Amino acid sequence: MAGEGIEAAKQGPAQGLRGLDPRVDDGRQPASVLPELVALPELRSAEGAQAPDADGVSETSAHIEQTDAPAVAEAIAEQTPFFSSSQDLLERCWSREELLGNSDEKRAHRSRGSGREPPPPELIARAESLTFMAGCHPARSSLCFIVSGSRPGNATGSIRWVELADPNARLIALTFDLCEQANEVGGYDPDIVNYLRDAGVHATFFAGGKWMRSHPERAKQLLLDPLFEVGNHSWTHGNLRVLKGEAMRDQILWTQAEYLALRDDLAAECAARVGQEAIDRIPPLPSSFRFPYGTCSGESLDAVASYGLAAVQWDIVTADPVHGQGAKAIAGAILTGLKPGRGSIVVMHANGRGWATAKALQQVIPELRHRGYEFVTISTLLRAGAPHAVAECYELRPGDNARYDKSPDHRKGK
Ligand SMILES: [Zn+2]
């Protein structure tokens, strides 16, 4: 279940929507008729998209050997094309229809027993060794960030925003959580992703490891898309303020391993179609972590850092999983939350529980561009200044998410 940013909804609709065209915002409430966790039709994301035919690799190679120079040049161009947009690149591996998806994918449904199996031991070992090679060591606390140049200085806690090196810069990081608990299969919101692609907006998706396993094609599309970055959102949305020791570390490491598996699959299936460079630009492992429910402990903060992950929270809460939180309120929360010189981090949900999120984006993204804002991924934002980190994890103020520690479902995560 999406738990981030619930508290903020109790504060009522955000104030003011200056600059927004009231003609395009009817202020109506989102599709709150969608049930939260009832038995619903199976998702179509994983099954609906076919992996490309691996035979295409050898066919192309044979073609180069047997033809004249112009044909060779054409074939090489075919293998290393210039992509005018992320859509062009993605359509090398999936059809337009597969990428667009349909609204059925937004729905979560209950599912027992899935996701309890860890990734294969060799994958977990590879994820650990890659972490170690990057200079991190899972057995000790040390800050180590795998994406080159993204070390957030002295940040030793959870990052709320970035104090920009250029105080006149206007950067904003939109983040979308892809949460999936042990007892469900979460959704995927194509309206959000399709709009971001159409508008050319950079964004970061914090994906649960189990969500990636149940949505392999969607996860690979997000990985391959140069607009996007994929961070770690734990395995089954465990409360890492409550979970300890191995159970807590599994939530982090298994997700790293699942990402690695999907990146491997993507390379095997798509490198010949998109060019190796497009694969190489995908980070070998996630470099940032979003704590489920916005809850952490000193132990889990240390563990996240030891796996080379920046703990990234937010300074702008849209409360988009709350029924009744309409597009106008979401857009207003973003616009009123911005501050000069601050690179803000906005938390939203793309697992189908951001009820009015897609509609809000259509309003707020043009307005933000009009105001001169540039949309950046988390790793870009972290490089743009000094991250503001705190020792605790909370929604908007210390202690405001303690309720998640009491619920058995929220405590276990698996
Ligand atoms: Zn979440």
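Engineer: Just give me the short version of the overall build of the protein chain, but keep the residues and values in it.
Structural biologist: Looking only at helices and strands, the protein chain has 16 helices and 12 strands in total. Here the protein chain holds 414 residues, and 49% of them are scored as buried. For the protein chain, contacts bridging at least 24 residues in sequence account for 86% of all contacts bridging at least 6.

Engineer: Requested: an account of the packing of helix H13 (residues 327–337) against helix H14 (residues 357–370), with residues and values cited.
Structural biologist: Following both chains from N to C, one finds H13 and H14 inclined at 40°, their axes separated by 8 Å at the closest point. By the angle between their axes, H13 is oblique relative to H14. By crossing handedness, the relation of H13 to H14 is classed as right-handed. Residues Ala327, Ile330, Ala331, Ile334 and Leu335 of H13 form the contact with H14, whose participating residues are Thr357, Lys359, Ala360, Gln363, Val364 and Glu367. Residue composition of the contact of H13 with H14, by class: seven nonpolar, two polar and two charged.

Engineer: So, the confidence of the model for the protein chain: which residues are in play, and what are the values?
Structural biologist: Residues of the protein chain with pLDDT of at least 70 account for 72%, and the chain-wide mean is 80. Within the model, the stretch residues 7–82 combines pLDDT values under 50 with 99 contacts to residues more than four positions away or in other chains. Contacts of residues 147–155 to residues separated by more than four positions or lying in other chains number 19 contacts, the stretch itself having pLDDT below 50.

Engineer: Please set out unusual backbone geometry residue by residue, giving values where relevant.
Structural biologist: Residues other than glycine seldom take positive phi values, yet histidine 237 does so here, at roughly 60°. By secondary structure assignment, the location of histidine 237 is in the loop between strand S6 (228–232) and helix H10 (245–274). A tally of 31 C-beta atoms within 10 Å means that histidine 237 is categorised as buried. The phi torsion at alanine 319 lies on the positive side, around 55°, for a residue other than glycine. Turning to its location among the elements, alanine 319 is positioned in the loop between strand S9 (316–317) and H13.

Engineer: Account for the environment of arginine 197, naming residues and giving values.
Structural biologist: Inspection of the secondary structure assignment puts arginine 197 in helix H7 (residues 190–199). On the neighbour-count criterion, arginine 197 (20 C-beta atoms within 10 Å) is buried. For the pair arginine 197 and serine 85, spaced 112 residues apart in the sequence, the C-alpha separation amounts to 8.4 Å. Beyond its immediate stretch of four places on either side in the chain, arginine 197 contacts Ser86, Gln87 and Leu227.

Engineer: Residue-level account of helix H12 (residues 298–306), with values.
Structural biologist: Every buried residue of H12 is accounted for by Ser300, Leu301, Ala303, Val304, Ala305 and Ser306. Those residues of H12 hidden inside the fold are in contact with strand S2 (158–164), H10, strand S7 (288–289) and strand S8 (310–311). Following H12 by one or two positions, glycine 308 has its phi on the positive side, about 75°.

Engineer: Explain the nonpolar core residue by residue, including any values.
Structural biologist: Membership of the largest hydrophobic core comes to 93 residues, with the highest contact counts inside it found for Phe205, Leu224, Val304, Ala311 and Val346. When residues of this core are assigned to their parent elements, the largest contribution, 10 residues, is made by H10. Once residues lying within four places of it in the same chain are set aside, the contact partners of alanine 311 are Gly157, Ser158, Ile159, Phe289, Phe291, Cys296, Leu301 and Val304.

Engineer: Quick rundown of the pairing of strand S3 (residues 171–178)? Include the residues and the values.
Structural biologist: Burial runs high along S3: seven of the eight residues are buried. Sheet topology places S3 next to strand S11 (residues 374–375); two bridges connect them, and they run parallel. Paired with leucine 171 across the strands is glutamate 374, a residue of S11. As judged from the six bridges shared by S3 and strand S10 (residues 342–349), these two strands associate in the parallel manner. Bridge pairing in S10 places phenylalanine 176 opposite methionine 348. With four bridges connecting them, S3 and strand S5 (residues 203–207) associate as parallel partners. Counted as the bridge partner of threonine 175 is threonine 204 from S5.

Engineer: Explain H14 to me, and be specific about the residues and the numbers.
Structural biologist: An ideal rise of 1.5 Å per residue puts 20 Å on 14 residues; H14 measures up with 20 Å between its terminal C-alpha atoms. Residues of H14 that are buried make contact with S3, H7, H13 and S10. Directly after H14, the chain includes glycine 372, whose backbone phi takes a positive value near 90°.

Engineer: Go over the packing of H7 against H14 with me, naming the residues and quoting the values.
Structural biologist: Remark: H7 packs on H14, axes separated minimally by 8 Å, with the N-to-C direction vectors making an angle of 20°. In terms of their interaxial angle, H7 and H14 are classed as roughly parallel. Like other packed secondary-structure pairs, H7 and H14 cross with a definite hand, here right-handed. Where H7 abuts H14, its residues Asp191, Ile192, Tyr195 and Ala199 lie against Thr357, Ala358, Leu361, Gln362 and Ile365. For the contact of H7 with H14, the residue count by class is six nonpolar, two polar and one charged.

Engineer: Lay out the pairing of S2 in plain terms, naming residues and giving numbers.
Structural biologist: Of all seven residues making up S2, five are buried, and the element is well covered by its neighbours. Pairing geometry for S2 and strand S12 (residues 385–390), over six bridges, is antiparallel. For valine 162, the partnering residue across the bridge sits in S12 and is proline 387. Where S2 meets S10, two bridges bridge the pair, whose relative direction is antiparallel. Bridge pairing links valine 162 to glycine 343 in S10.

Engineer: So, the environment of glutamate 4: which residues are in play, and what are the values?
Structural biologist: Residue position: glutamate 4 is located in the segment before helix H1 (45–48). We classify glutamate 4 as buried; it has 29 C-beta atoms within 10 Å. As for glutamate 4 and glutamate 395, which are separated by 391 residues in sequence, their C-alpha atoms are 7.2 Å apart. For glutamate 4, the residues in contact, after removing those within four places along its chain, are Asp177, Tyr293, Gly294 and Val347.

About the criteria used
Every chain is numbered on its own, with residues counted from 1 as its sequence reads. Predicted model: local features are reported for residues with pLDDT of at least 70 only, side-chain atom pairs are reported and counted for 80 or more only, and whole-chain, interface and lining totals are derived from all residues. Secondary structure counts use DSSP, requiring at least four H or I residues in a row for a helix and at least two E residues in a row for a strand, with both numbered from the N terminus. Counting other C-beta atoms within 10 Å of each residue's C-beta, where C-beta atoms are placed from the backbone, gives the exposure class: buried for 20 or more, exposed for 12 or fewer, partly exposed between. A pair of residues counts as a contact when their C-beta atoms, built from backbone coordinates, are within 7 Å of each other. Working convention: axes come from line fits to C-alpha atoms, limited for helices to the stretch in contact. Angles between N-to-C directions cover 0 to 180 degrees. Each angle receives one of four descriptions, namely roughly parallel if under 35 degrees, roughly antiparallel if over 145, roughly perpendicular if within 65 to 115, and oblique otherwise. When the near helix sits turned anticlockwise from the far one by under a right angle, the crossing is termed left-handed; a clockwise turn instead gives a right-handed crossing. Residue polarity is assigned by list, with Asp, Glu, Lys and Arg as charged and Ala, Val, Leu, Ile, Met, Phe, Trp, Tyr, Cys and Pro as nonpolar; anything else, Gly included, falls into the polar class. The predictor attaches a confidence to each residue, called pLDDT, with possible values from 0 through 100. We define a nonpolar core as a collection of buried residues of the types Ala, Val, Leu, Ile, Met, Phe, Trp, Tyr and Cys that are connected via C-beta atoms lying within 7 Å of each other. The rule for pairing is simple: two strands pair if DSSP sees at least two bridges between them. Under the convention used throughout, the expected extent of a helix is 1.5 Å for every residue step, that is, one less than its residue count.

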